Amino acid sequence: MSENKRFTDSGIEIKKVYTKEDLSQQLQDELPGKFPYTRGVQADMYRGKLWTMRQYAGFSTAEESNKRYHYLLSQGVMGLSVAFDLPTQIGYDSSHSLAEGEVGKVGVAIDSIEDMERLFAGITLENVSTSMTINATGFILLAFYVALAKKQGADLKKISGTIQNDILKEYAARGTYIYPPKPSMRIITDIFEWCSKELPKWNTISISGYHIREAGSTAVQEIAFTLSNGKAYVKAALEKGLDINVFGKRLSFFFNAHNNLFEEIAKFRAARKMWATIMKDLGATDEKAMMLRFHTQTGGATLTAQQPHNNICRVTVQTLAAVLGGTQSLHTNGYDEALNLPTEEAARIALRTQQIVAFESGVTDTVDPLAGSYFIENLTNEVEQKAWDLIHQIDALGGSVSAIEEGFMQNEIARSSYEYQCNIESGEKIIVGVNKFTIDKEDAVPAFKIDDSIRQVQINKLQELKNKRDNTKVAACLQAIENAATSNINLMPVVIDAVENYCTLGEIADCLRKVFGEYK
């Protein structure tokens, strides 16, 4: 009787044992901090500086989220990571009829510069790195942040952080887009151009595989589709005449960490190597422009509502995968997030998980500790080869934008998601506490829910703002945005001017809806 075959979640067959015959000869020449960066983007990695420990947070009003940020900072987070509610993500003020039932639910409601001031009250923007998970309205949130930094008297050359700003994966996997692909790409390259001159330490995009994975892709698809999208952004910036060695340094990536420890580590190592090759082929000569720097979040889709405390173990495995894979920053999910927004206790345990791995486990003592493992090196090569095969298919379709318009990425993700779910339902894939090792009575977990009354609070603030601002100036600012949108003028300066004159997020988004239309 033949031995049962084993596979990774991407369908890569795992042999019973690996030997040096499975390795290619060039391995011994690779060093961390050197092209193609398989072993890490820094020569000393975590011996020199630990990854940035972030905790993704945002809910209810700006005031409530601000309290959580102060709590997290007091507990040792090194950078803030802002979650925005759905209306903010798709360009509606809280007063809009389509915002009903969603205000402050999956993130914080931000309607104006005044909300941004409340969100960061008591926090000096020059001293903190802020990541904002925002895409279609990323340019408006960046404008709010810049306007607030100017109000604080900050030196914009010192302001650091990231806006996700990755619209292609919204069409492929997540759905919070507003405008069609071409004008959306124009907005993104405007941000690249403006930040390269005015905000040099800001990461202008976080090209996201996270949501591709959450939608059901495999690890191989996650990096293939993400790197292909990255290539599309680089080409768009090159067509605008931007310097790849300048904007290339401000590109960052955002990946998911799942439970298959070794496949995830191989995925991160392969992604670095592939991106370095892509950037070199596109003309980058500066080493920093070829480095794939990435943030990781543990897998939201891997969290179970059944036996939720088991999620603490899952998040620990995923944390190890991210760290052993060489991440630059990390957010760990709360164990209760399959049920509700994370409570303060769950957020603290998630942060402590990172701190225990950093300070107690010893995995940070040497760079890329798994390098040279027959298994890891072979798996890295296999993941890389399978991802290249997918990228070549996308290239043959004309690149990411065409592949998305034709539904190629969406169909591939849907197929993988369906197969994975079938494997769970058949019992071929074991999920502890879900289809095996179940219990009759679940432990009660403290609930954290947002009240619908938050919307009225936001509406009252908006009304007050509109009553006291100079509405003649507001109209002039919105007209300036419309004029810039219909020409080739960079949108960022006029949008910053608009938010400084108290135009709301919804007004600015609507102004561009008039010019660009909406993607259906």
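Attention in this report is confined to the structure presented alongside it. (Residues numbered from 1 in each chain as written. Predicted model: local features only at pLDDT ≥ 70, side-chain atom pairs only at ≥ 80, totals over all residues. Heavy atoms only, no water.)

Here's the deal with the side chain of Thr332
No. 1: When you line up the elements, Thr332 lands in the loop between strand E11 (329–331) and helix H14 (344–359).
No. 2: On the basis of relative accessible area, Thr332 is assigned to the buried category, the value being 0%.
No. 3: Not counting chain neighbours up to four residues away, the residues in contact with Thr332 comprise Arg54, Gln55, Thr298, Val315, Thr319, Ala350, Leu351 and Gln354. (Helix = DSSP H or I, 4+ residues; strand = E, 2+ residues; numbered from the N terminus. Buried < 20%, exposed > 50% of the residue type's maximum accessible area, 1.4 Å probe, protein only. Contact = heavy atoms within 4.5 Å.)

Quick look at helix H9 (residues 219–239)
No. 1: Taking 1.5 Å of rise per residue, 21 residues should cover 30 Å, and H9 covers 31 Å from first to last C-alpha, within 8% of that figure.
No. 2: Most of H9 is tucked away: 18 of the 21 residues are buried.
No. 3: A positive backbone phi angle near 90 degrees is found at Gly241, which sits one or two residues after H9. (Expected span 1.5 Å × (residues − 1).)

Quick look at helix H11 (residues 261–281)
No. 1: With 21 residues, H11 extends 31 Å from end C-alpha to end C-alpha; this agrees with the ideal 30 Å at 1.5 Å per step.
No. 2: Buried residues dominate H11, accounting for 16 of its 21 residues.
No. 3: Directly after H11, the chain includes Gly283, whose backbone phi takes a positive value near 110 degrees.

Considering the packing of aromatic side chains
Aromatic ring pairs are reported here in terms of the distance separating the ring centres and the angle at which the planes meet.
No. 1: In the structure shown here, the tally under the stated rule is 20 aromatic pairs.
No. 2: Pairing Phe255 with Phe268 gives two aromatic rings, centres 6.3 Å apart and planes at 50 degrees, and the pair type is tilted. Here the residue Phe255 occupies a position in strand E9 (residues 251–257), and Phe268 occupies one in helix H11, the gap between them amounting to 13 residues.
No. 3: The exposure class of Phe255 is buried, given its relative accessible area of 1%.
No. 4: Classification of Phe268 by relative accessible area gives buried; the value is 1%.
No. 5: Ring plane angle 70 degrees and centroid distance 5.4 Å describe the contact between Phe262 and Phe375, whose orientation is recorded as edge-to-face. Of this pair, Phe262 sits in helix H11 while Phe375 sits in helix H15 (residues 374–396), and the two are 113 residues apart along the sequence. (Phe/Tyr/Trp six-rings, centres within 6.5 Å; stacked < 30°, edge-to-face > 60°.)

None of the figures reported here should be taken as evidence of function without further support.
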